[in-house]
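Report on the structure
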Amino acid sequence: MTALPPTTAKKLGLVIDLDICVGCHACVINCKEWNTSNYGAPLSDQDAYGANPSGTFLNRIHTYEVKQDAKPAQIVHFPKSCLHCEDAPCVTVCPTGASYKRVEDGIVLVNESDCIGCGLCAWACPYGARELDAKEGVMKKCTLCVDRIYNENLPEIDREPACVRTCPANARHFGDFADPDSAVSRMSAERGGMRLMPEQGTKPVNRYLPPRPKADIQTSGDIDILAPFLEPVADTPKGLLGWLDKALEAL
Amino acid sequence: MHPAASVIIFTSLSGLGFGLLAFLGLGLPNVSGWSAFAFFFIAFALSVGGLLASTFHLGNPQRALKAFSQWRTSWLSREGVVAVAALLVMGLYAALSIFLDIRITALGWLGSALSITTVYCTAMIYGQLKTVPRWNMGVTPILFLLYALAGGALLATQLRLALLLLVALTITQILTWIRGDISFATAGHSIETATGLGHLGKVRLLESPHSGENYLTREMVHIVGRKHALKLRIIATFCLGLIPIAMLAFFNLDHISALLVVILHIIGLFVARWLFFAEAEHVVGLYYDAR
Ligand code: SF4
Ligand code: SF4
Ligand code: SF4
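**Some words on the overall build of chain A**
Helix and strand counts for chain A stand at seven helices and eleven strands. Projected onto its principal axes, the C-alpha positions of chain A cover 95 × 50 × 40 Å. Out of the 251 residues in chain A, the part that is buried amounts to 51%. Across chain A, every contact between residues at least 6 apart in sequence was considered, and the portion connecting residues at least 24 apart equals 61%. The positive charge centre, built from 26 side chains, and the negative charge centre, built from 33, are 4 Å apart in chain A.

Set out below in structure tokens:
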């Protein structure tokens, strides 16, 4: 059913710490691996080893440069996967009922056996979180690793999304935003967790922790406090050196 | 947005077909027998042909029946339901009037209303999308309705009415282009709101998440071809509006010249519909620093 539930018992989602992400793309690869070999149709690639490779991914890392006038630029690695929006426009546009938001935990999913591959939900998502698989013709999106987080066949430590589990820098965290005491809620409150493109009115569940401003780096004047000691001792050489200098110039 | 042939053909032809059906349902022109058959044949060919074209871009068209289920929330589903209802009602009306020479006025009016509603639903598939500010304007459904009615009036040989509708359509189309040009900026989207990094300075993409194309860039970050937009707008304005208006207003048209007007109008319609997609910028382009 493509009507959105008025509210969900849990609001499961991710906190992504932009201060910490090093842009290694490990989460991209682990996401692809887990989701191509588990729930739903595999994530296909086209021309993978050819001149024009492309493929389906549920998580992608953009890298931005942020620059203020007269200051050095700051690099921000920016992971992007489905934000499991509370007011998900991708769900209500779906003509078949394939797209839905779960009442129990707020995860937005696609029932692939109902999807006709019209692509309208991908048009409705502001964040580019849905990709139509070119081989299967069905819509693929982040499942919040629904087949891991409740999976009792996995050791408890692995019952979190593949991208969170694999991140070597701990830039991604998984939890329930409906619980104000959860780690993700507290982290988001302390660090001013932000919602992307709030003017779209989608109310994303996932939050992004803004990068801390860089300490000011000096670019003019003395670069180093030791620099004065490295100045040349004398500008005009005297004595033997002075004589040599003059003699060589006269040549 | 990527101007795919299937959606351009679908929206243009089905709009014309349902526009013509709307007039036929009102008894305009008042025809029977073979000439009624000819009019209805053209109307059904356009509307059904257009709807079939729309299934060409589906990944799994064999499940298309499921698309009738979500009419409570989805404009695409509503469009399917109303289109089928319009075709059934008008099919019955056509059969009765062609073969038995029975005209049930109320049935015709119902078919007319359903045909117009179909066009409105088609427009709302695009008009509802906040992610594409150029489409997300109140004028989008008005524009689609005017296209259907003006083209329908031309095909139904209601030339006096067609003249008025073409004038209204041309003015609305030009105003829509002008308003559309500032729609993205007015909606307040920027790479800074998309990334939330605006407080740190000016943002630009340093490295793309993937070296090649992907579904998103192919479908939604379509920037080729926009450089000829102004020329194409002028061509469209002349073909769909100005020349047909002049011919209708100043000449007494025979069959050949009337056909010429229709063909010109349809060429203009295709050009304008191509622009409708090619000029539309999706907010996801902000993440790619391109739109
Ligand atoms: S991020 Fe996009 S796909 Fe995910 S819930 Fe929000 S609108 Fe839907
Ligand atoms: S692509 Fe599939 S999930 Fe998306 S709107 Fe169409 S039918 Fe629904
Ligand atoms: S939660 Fe799972 S599906 Fe979603 S981005 Fe992470 S690894 Fe991919």
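Further notes follow.
**Some details on the overall build of chain B**
When helices and strands are counted, chain B shows eleven helices and one strand. Listing each helix as α and each strand as β along chain B from the N terminus yields α-α-α-α-α-α-α-α-β-α-α-α. For 291 residues, the compact-globule estimate of 2.2 N^0.38 gives 19 Å, and chain B sits close to it at 21 Å. Judged by the C-alpha coordinates and their principal axes, chain B covers about 75 × 45 × 30 Å. The buried share of chain B, taken over its 291 residues, is 56%. Positive and negative side-chain charges of chain B, numbering 18 and 11 respectively, have mean locations separated by a distance of 4 Å.

**Considering the sheet that holds strand 5 (residues 74-81) of chain A**
Within the open sheet, the three strands sit side by side as 5(A)-4(A)-1(B). Their pairing is antiparallel. Lying at the two open borders of the sheet, with one neighbouring strand each, are strand 5 of chain A together with strand 1 (202-207) of chain B. Between one strand axis and the next, the sheet turns through 40 degrees on average, direction left out of account. Summarising the sheet, strand 4 (residues 59-67) of chain A and strand 1 of chain B pair through five bridges and their orientation is antiparallel. Each bridged residue has a counterpart across the sheet, and for Val66(A) the counterpart in strand 1 of chain B is Val203(B).

**Digging into the pattern of salt bridges**
Enumeration over the complete set of coordinates arrives at 19 salt bridges over all chains. One salt bridge in this structure joins Arg191(A) and Asp17(A), with 3.0 Å as the shortest N-O distance. With Arg191(A) in helix 6 (residues 183-191) and Asp17(A) in strand 1 (residues 12-17), this residue pair connects regions lying 174 residues apart in the sequence. As a salt-bridge pair, Asp114(A) and Lys66(B) come within 3.0 Å of each other at their nearest N and O atoms. Placement of the pair is Asp114(A) in the loop between strand 7 (108-110) and helix 3 (120-124) and Lys66(B) in the loop between helix 2 (33-54) and helix 3 (75-99), with the two residues belonging to separate chains. The exposure class assigned to Asp114(A) is buried, which follows from its relative accessible area of 18%. One continuous salt-bridge network, built from bridges that share partners, spans Arg134(B), Asp181(B), Arg233(B) and Glu279(B).

**Quick look at the pairing of strand 10 (residues 172-176) of chain A**
All names here are of chain A. The buried fraction of strand 10 is high, at four of five residues. Where strand 1 and strand 10 come together, five bridges link them in antiparallel fashion. Within strand 10, the position partnered with Val15 by the bridge is His173.

**Some remarks on helix 7 (residues 239-250) of chain A**
For helix 7 of chain A, built from twelve residues, the straight-helix expectation of 16 Å at 1.5 Å per residue is met to within 8% by its first-to-last C-alpha distance of 17 Å. A small share of helix 7 of chain A lies buried, amounting to one of its twelve residues.

**Comments concerning the site of ligand 1**
Not every one of the 14 residues close to ligand 1 is listed here, only the nearest: Cys82(A), Leu83(A), Cys85(A), Cys90(A) and Cys125(A). In the shell around ligand 1, the residues fall into eleven nonpolar, one polar and two charged.

**Things to note about empty space enclosed by the protein**
Residues and elements named next belong to chain B. The final tally for this structure, using the stated rule, is nine cavities of 30 Å³ or more. In this structure, the largest cavity is lined by 15 residues; those nearest its centre are Leu143, Gln173, Thr176, Trp177 and Phe276. Elements with a minimum of two residues in the lining of the largest cavity: helix 5 (139-155), helix 6 (159-181) and helix 11 (255-278). Taken together, the residues that form the lining of the largest cavity break down as nine nonpolar, three polar and three charged.

**Some details on the interface of chain A and chain B**
Contact residues are listed per partner, giving 61 residues for chain A and 59 residues for chain B. In total, about 4700 Å² of surface goes out of reach between chain A and chain B, with carbon and sulfur atoms giving 60% of it. One can count two salt bridges joining chain A with chain B. At the junction of chain A and chain B, the tally comes to 29 residue pairs in polar contact (both at pLDDT 80 or more). Secondary-structure elements contributing two or more residues to the side of chain A that touches chain B are strand 3 (54-55), strand 4, strand 5, helix 3 and strand 8 (130-132) of chain A. The element that contributes the greatest number of residues to the side of chain A that touches chain B is strand 4 of chain A, accounting for eight residues. Class assignment for the residues of the side of chain A that touches chain B results in 33 nonpolar, 18 polar and ten charged.

Calculation notes
Residues numbered from 1 in each chain as written. Chains lettered and ligands numbered in written order. Predicted model: local features only at pLDDT ≥ 70, side-chain atom pairs only at ≥ 80, totals over all residues. Heavy atoms only, no water. Helix = DSSP H or I, 4+ residues; strand = E, 2+ residues; numbered from the N terminus. Buried < 20%, exposed > 50% of the residue type's maximum accessible area, 1.4 Å probe, protein only. Contact = heavy atoms within 4.5 Å. Lys, Arg positive; Asp, Glu negative; His and termini not counted. Charge placed at Lys NZ, Arg CZ, Asp CG, Glu CD. Rg over C-alpha atoms; globule rule 2.2 N^0.38 Å. Pairing = 2+ DSSP bridges. Axes fitted to C-alpha atoms, helices over the stretch in contact; angles between N-to-C directions. Salt bridge = Lys/Arg side-chain N within 4 Å of Asp/Glu carboxyl O. Expected span 1.5 Å × (residues − 1). Near = heavy atom within 4 Å. Nonpolar A, V, L, I, M, F, W, Y, C, P; charged D, E, K, R; others polar. 1 Å grid on protein atoms, 1.4 Å probe; cavity = no way out; pocket = protein on both sides within 12 Å on 5 of 7 lines; lining within 4 Å. Points joined across faces, edges and corners; volume = space filled by probe spheres on them. Buried area = accessible area lost by both parts, 1.4 Å probe. Polar contact = N/O pair within 3.5 Å; in protein donor to acceptor, adjacent residues only side chain to side chain.

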